[in-house]
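# Fold and contact review
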Amino acid sequence: MKPSIPKGTRDFTPEQVSKRNYIFDTIKKVFIKYGYQPIETPAMESLSTLTGKYGEEGDKLLFKVLNNGEFLNKADKQAIADGNSAKLIPSISKRGLRYDLTVPFARFVVMHQNEISFPFKRYQIQPVWRADRPQKGRYQEFYQCDVDVVGSDSLMYEAELVQIYDEVFATLGVNAEIKVNNRKILEGIAEAAGISDQFMDMTMAIDKLDKIGIEGVRKDLAGRDIAETAIDKIEKMLGVTSLAPLKELFADSPTGLKGIEELEAFHSYFDLKTPTNEVVFDITLARGLSYYTGCIFEVKAKDVKMGSIGGGGRYDDLTGNFGLKNVSGVGVSFGAARIFDVMEELELFPKERGDSLKLLLVAFDDPAHKYAFDCLNKVRAAGINADLYPSPAKMKKQMKYANDRKVPFVAVIGSNEMEAGKVQLKNMETGEQSLLTTEEVIEQLF
RNA sequence: GUGUAGGUAGCAUAAUUGGUUAAUGCGUCAUCCUGUGAAGAUGAAAGAUGCGAGUUCGAGUCUCGUCUUACACCCCA
């Protein structure tokens, strides 16, 4: 049989893993510096934990795990007869693969509420799965890097998280645009337009503004049975690019005013330090996940065409789903796979990463091979990533291996070098060689 | 979930209007030459053309289904 892997999944070569680790390490370092601690949760969650948290579309994209054993006996016969897949699922599947890291985290917090002290700051770097059709920057399995803090509603954390975004992307060299909005402002728009009951429809439509333009949004809104007069009001509000003029428009919307207040509080913290990347208020930013209630964030890479590379926001009652009320949380997520793709396209990965091989020793004959092994031990003891070709094979073969491994330096050892008690160190890029002692090699490569 | 375009040796391409043993380059392996890779010479291995069915005397080439890849829509990291 021909080997294959499921749709939307990928293997990672050593080089790709090395690059990905570079991203993870950078992100992790920042997370830790800001006082966050790591946790992990299982790949599988109870299906009931996951369903209903991501909206209708989200439920469709959940991977369900088929029950083991004689699941057919327990299957909902009526649902089968009716050809109703959605109704059949609970009777044949009790587990699913996690769709994101936020919902499992909320579950974690509730289960461990007595062991953790609030505010609880955690980070989590693990793969998630979505049964979406693959596309550019879209996979069925991909890593997310989440930072969240629960147990405080201080807007200080919103500011902190945007600073984390800023610092990570500045360190990686990715030119990012960080968009900020507040769910309450969107609610304010709906309220001011008198269509609070069609809030979700409205947000989905205006989220596409930069893609389909204002006329497209008007059409979309009309298609969702929203009145012409309401659409006019919405259009007027969408034209706003700063908070000040919104206050008047939201005069009759307490929720909208609260949203403005929150964003002002966010800025009172955030503006104390100048960010490297662009941070902008974008009233059209909506975000699909239904659990957000306050500030929302989204990050786009500026120099390349790609979906968002990060997103997040505040959720006031996610733990309420699991029986723990009044615990507010806020967090953001980094899409590692997309950041990888962006950095690859822009060639932002450093050539030399800490985990690559620095030196390969090659020997001409058996005695030299033993001598080389001794050198190898010394070089490794000094903390240099080094290797020795396993046999004194033909020089061409050994050099080719060095080339394929992209080793920057090769130490050639034959009888001449042994007599001198040295090695011939060759720079593979320039081709230059020099006769050095092992100690000198260590000094030069360290 | 909808649509469009593709799937030919490890990789990249080729194969008149359907017509013999499916070609070429790179890579791989071997031998030769070299105290040194990205160089040269010679030779070799490797594919019933994603999978399945159909039309036909005959299918890589036409039709259908299926899987998969890329891109767009939906939605999203």
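Residues numbered from 1 in each chain as written. Chains lettered and ligands numbered in written order. Predicted model: local features only at pLDDT ≥ 70, side-chain atom pairs only at ≥ 80, totals over all residues. Heavy atoms only, no water.

Right, let's talk about the environment of Lys302 for a bit. Here Lys302 lies in the loop between strand 9 (295-301) and strand 10 (310-315). The partly exposed category is assigned to Lys302, whose relative accessible area is 40%. Distance in space between the C-alpha atoms of Lys302 and Glu439 is 47 Å, their sequence separation being 137 residues. Residues contacting Lys302, with those up to four places away along its chain left out, are Asn175, Ala176, Glu177 and Glu278. (Helix = DSSP H or I, 4+ residues; strand = E, 2+ residues; numbered from the N terminus. Buried < 20%, exposed > 50% of the residue type's maximum accessible area, 1.4 Å probe, protein only. Contact = heavy atoms within 4.5 Å.)

In this structure, Pro119 follows Phe118 across a cis peptide bond, with omega equal to 0°. If you check the backbone angles, Glu347 has positive phi at about 50° while not being a glycine. Mapped onto the elements, Glu347 comes out in the loop between helix 15 (336-345) and strand 12 (359-363). A relative accessible area of 71% places Glu347 in the exposed class.

As a further point, take the sheet that holds strand 3 (residues 64-65). Read from one edge to the other, the open sheet built from three strands follows the order 2-4-3, with strand pairing classed as antiparallel. Each edge of the sheet is formed by a strand with only one pairing partner; in this case those strands are strand 2 (44-46) and strand 3. Bridge count for strand 2 against strand 4 (residues 95-97) is three bridges, and the pairing is antiparallel. Paired with Ser46 across the strands is Arg95, a residue of strand 4. (Pairing = 2+ DSSP bridges.)

To continue, consider the packing of helix 11 (residues 209-223) against helix 12 (residues 228-238). The axes of two packed helices give the description: the angle between them and the distance between them. The interhelical angle for the contact between helix 11 and helix 12, taken along N-to-C directions, is 145°, at an axis separation of 10 Å. Of the two elements, helix 11 crosses helix 12, and the hand of that crossing is right-handed. Where helix 11 abuts helix 12, its residues Ile214, Arg218, Leu221 and Ala222 lie against Glu228, Ile231, Asp232, Ile234, Glu235 and Leu238. (Axes fitted to C-alpha atoms, helices over the stretch in contact; angles between N-to-C directions. Left-handed = near helix turned anticlockwise from the far one by under 90°.)

Time to look at the nonpolar core. Counting 94 residues, the largest nonpolar core has Tyr36 and Phe334 as its most contacted members. Among the elements that make up this core, the one with the highest residue count is helix 8 (residues 156-172) (nine residues). In terms of nonpolar packing, the next biggest core, distinct from the first, is built from 21 residues, Leu361, Ala372, Ile384 and Val423 among them. (Core = buried A, V, L, I, M, F, W, Y, C linked by side-chain atoms within 4.5 Å.)

For chain A, the assigned domains read domain 1 (14-62 + 99-345) and domain 2 (359-445). One C-alpha centre belongs to domain 1, the other to domain 2, and the line joining them spans 51 Å. (Domains from an automatic or database assignment.)

For helix 11, with 15 residues, the first-to-last C-alpha span of 15 Å runs short of the 21 Å given by 1.5 Å per residue. Largest kink in helix 11: about 75°, centred on Glu215. Buried residues of helix 11: Gly216, Val217, Arg218, Asp220 and Leu221, and no others. Check the buried side of helix 11 and you find it contacts helix 10 (199-206) and helix 12. Following helix 11 by one or two positions, Asp225 adopts a phi angle in the positive range, close to 65°. (Expected span 1.5 Å × (residues − 1). Bend = angle between axes of the 7 residues up to and from the residue.)

All chains considered together, the criterion is met by 26 salt bridges. A salt bridge links Asp232 to Arg218, with the shortest nitrogen-to-oxygen separation between them at 2.9 Å. Of the two residues, Asp232 sits in helix 12 while Arg218 sits in helix 11, which places them 14 residues apart along the sequence. Residue Asp232 is classed as partly exposed on the basis of its relative accessible area, which comes to 40%. Residues joined in a network through salt bridges with shared partners are Glu15, Lys19, Glu344 and Lys406. (Salt bridge = Lys/Arg side-chain N within 4 Å of Asp/Glu carboxyl O.)

In this section: the pairing of strand 15 (residues 423-427). Here strand 14 (residues 409-413) pairs with strand 15 via four bridges, running antiparallel. Residue pairing for strand 15: Val412 is matched across the bridge by Gln424. In this structure, strand 15 lies alongside strand 16 (residues 433-436), joined through four bridges in antiparallel fashion. When the sheet's bridge partners are listed, Gln424 is paired in strand 16 with Leu435. Counting the residues that bridge the hairpin from strand 15 to strand 16 gives five residues, and of these Gly431 lies at a positive phi of roughly 85°.

This paragraph deals with the packing of aromatic side chains. Per the stated rule, a full pass over the model turns up 17 aromatic pairs. Taking 6.4 Å as the distance between ring centres and 65° as the angle between the ring planes, the aromatic pair formed by Tyr54 and Tyr291 counts as edge-to-face. Within this pair, whereas Tyr54 is found in the loop between helix 2 (47-50) and helix 3 (55-60), its partner Tyr291 is found in the loop between strand 8 (278-281) and strand 9, the two being separated by 237 residues in sequence. Pairing Tyr389 with Tyr401 gives two aromatic rings, centres 5.3 Å apart and planes at 75°, and the pair type is edge-to-face. Of the two residues, Tyr389 is situated in the loop between strand 13 (386-388) and helix 17 (395-404) and Tyr401 in helix 17; the sequence distance between them amounts to 12 residues. The exposure class of Tyr389 is buried, given its relative accessible area of 11%. Taken together, the aromatic side chains of Phe31, Tyr123, Tyr165, Phe169 and Phe334 make up a single cluster linked through ring pairs. Against the face of Tyr139 rests Arg10, its NZ or CZ located 3.6 Å from the ring centre. (Phe/Tyr/Trp six-rings, centres within 6.5 Å; stacked < 30°, edge-to-face > 60°. Lys NZ or Arg CZ within 6 Å of the ring centre and 35° of its normal.)

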